[in-house]
Each structure stands twice: as structure tokens, then as C-alpha cells.
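# Coordinate inspection notes
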Amino acid sequence: MALGVLCLGLTLLGVLQSRAQDSTQNLIPAPSLLKVPLQPGFQKDKFQGRWYVVGLAGNAVQKEDEGRFTMYSTIYELQEDDKSYNVTSILPRDQGCDYWIRTFVPSSRAGRFTLGNIRSYPRLRSYNVQVATTDYDQFAMVFFKKKTSGNKQYFKVTLYGRTKELPDELKEQFVRFAKSLGLTDNHIIFSVPTDQCIDN
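Computed from a predicted structure; not experimentally measured.

For the structure shown, the criterion picks out one cavity of 30 Å³ or more. Lining the largest cavity, in full, are Val53, Tyr72, Thr74, Ser89, Trp100, Arg102, Tyr127, Phe144, Lys156, Thr158 and Tyr160. For the lining of the largest cavity, the secondary-structure elements that each account for two or more residues are strand E4 (96–106) and strand E8 (152–161). The biggest single contributor to the lining of the largest cavity is E8, with three residues. Looking at side-chain class alone, the lining of the largest cavity contains six nonpolar, three polar and two charged residues.

Below, the structure is given as C-alpha cells:
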């Protein structure tokens, strides 16, 4: 009996491991940064401030797995000394708030950044951020790409809004942009607005 339970447990573990491997092995390939639009004449001072995450699309996003995706906010603070951004994301969690803080360091092209202090993230090999398009006052679409140990490449596109609601035309433009990078409807989700934490 005990041997039968052990065999069943090992079989289930094998199935779960193979499913986990399948989900990362079948990732849609990440595009080169050169194939992603870059906001012309990017103005770093106008981009700073609070953005709400209205939409999210990525090769590790699965619409059916996400359920209700609760909106969070991200604040970009421009540092005068080195022109990097201190970036704080505020996420509602149960009854509290989670704060995720990092630094985006400018690269040689305006609107493109790398993650500062990447050594603090031992599994990360590279992390790039690129502002694809923005009008600074209403919306932005930002591309993120990271490579982890084992040479797995993940990418996502975030639809930011200065407000919690955006017009349908901008959401449709976001969907078209995500699909132009090889993503499907199943990789694109829109958030449910909340008042918890994200206006702090």
C-alpha cells in the first residue's frame, strides 16, 4: 500500500514537473529590442509620476490562469544626478500593500533602460525596459524583456494610464501592439480597477 502511494506520488510529481517545463519551454520567443518601437524624442521628465497598470501582455501571461487581475500602480521618480528612475510599484495584497522598488538606469538611447543593481537578482542575466509609445498625459506602452539563468527569455508589454480607465481605442491599440510581437489573445489581460493601496 505504502509503495503504491509512493509510486503515485512520484508519478504526479513527474507530471507536474513536465507541465512546468512545458509552460516555459513553449514560450513565445522574445523579440529583439531593435524590433520593438522606441518613443521618438523621449522626454524623461514628462514621463515621471504615477501610472496605473491598465493592461498586461506577455509570453508568461495566461489569461485562463490569471483570473481577476487587480490593478496596481507604478511611480517613476527621476533622479537628477544620473537621470535614472527610482521605480516603485504598489500592489494590493490581501488586506495590505506590497511595495516593489527598483532602479531603471538609462542606456545609450533615450527611452531605453536596464535594471540597476542586477547582481541583487542572482537568477537574472539581463533586464531591459523600453518605452514603446506615450503621450505622457494619458497613456504609455512599455516593453520589458528579461533573460534568466538557463537562457529563458521572458517579455511583457504594459499598458499604463494616468487614470484607471482608458478609452477602448487605446486598449485596441495595445492589443494590436501585443499581437505584433507574436502574442495571442490568451496572453493579454486587462486589470480590474481598485482603490486599495494604489493611490498611496
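Past the structure itself, the notes keep going.
Let us now look at the state of the cysteines. Applying the stated rule across the entire model yields one disulfide. With a sulfur-sulfur separation of 1.9 Å, Cys97 is cross-linked through a disulfide to Cys197. One quick way to see it: the torsion about the S-S bond of Cys97 and Cys197 is about -80°, and its sign makes the bridge left-handed. With Cys97 in strand E4 and Cys197 in the segment after strand E9 (188–190), this residue pair connects regions lying 100 residues apart in the sequence. Residue Cys197 is classed as buried on the basis of its relative accessible area, which comes to 7%.

Counted under the stated rule, the structure contains 17 aromatic pairs. Summarising the aromatic geometry, the rings of Phe47 and Tyr76 are spaced 5.0 Å apart at their centres and angled 75° between planes, so their arrangement reads as edge-to-face. With Phe47 in helix H2 (residues 44–47) and Tyr76 in strand E2 (residues 73–78), this pair connects stretches of sequence that are 29 residues apart. This pair shows no difference in class: Phe47 is buried, exactly as Tyr76 is. Among the aromatic residues, those joined into a cluster by ring pairs are Phe42, Phe47, Trp51, Tyr76, Tyr85, Phe104, Phe113, Tyr127, Tyr136, Phe144 and Tyr160. Of note, Lys146 hangs over the ring of Tyr154, and the distance from its end group to the ring centre comes to 5.7 Å. Of note, Arg162 hangs over the ring of Trp51, and the distance from its end group to the ring centre comes to 3.6 Å.

Definitions and limits used
- Each chain has its residues counted from 1, following the order in which its sequence is written.
- Local features in a predicted model are, by the rule used here, given only for residues with pLDDT of at least 70; side-chain atom pairs are given and counted only at 80 or more, and totals for whole chains, interfaces and linings are based on all residues.
- With hydrogens and water stripped out, all remaining heavy atoms of the structure feed into the side-chain values.
- Each cavity reported here is a set of points on a 1 Å grid over the protein atoms alone in which a 1.4 Å probe fits but cannot get out, each pocket an open set with protein on both sides within 12 Å along at least five of seven lines, and each lining residue one with an atom within 4 Å of a point.
- Grid points are joined across faces, edges and corners, and a volume is the space filled by probe spheres set on the points.
- Labels follow the DSSP assignment, with helices taken as runs of H or I lasting at least four residues and strands as runs of E lasting at least two, numbered in each case from the N terminus.
- Asp, Glu, Lys and Arg are counted as charged, while Ala, Val, Leu, Ile, Met, Phe, Trp, Tyr, Cys and Pro are counted as nonpolar; the rest, among them Gly, fall into the polar class.
- Cysteine sulfur atoms are paired as a disulfide whenever they fall within 2.5 Å.
- A simple rule labels every residue: compare its accessible area, found with a 1.4 Å probe on the protein chains alone, to the largest value its type can have, and call it buried under 20%, exposed over 50%, or partly exposed in between.
- Note on aromatic contacts: the rings of Phe and Tyr and the six-membered ring of Trp form a pair at centre separations within 6.5 Å, being stacked when their planes are under 30 degrees apart, edge-to-face when over 60 apart, and tilted otherwise.
- Only when the NZ of Lys or the CZ of Arg is both within 6 Å of the ring centre and within 35 degrees of the ring normal is a charge said to sit over the ring.

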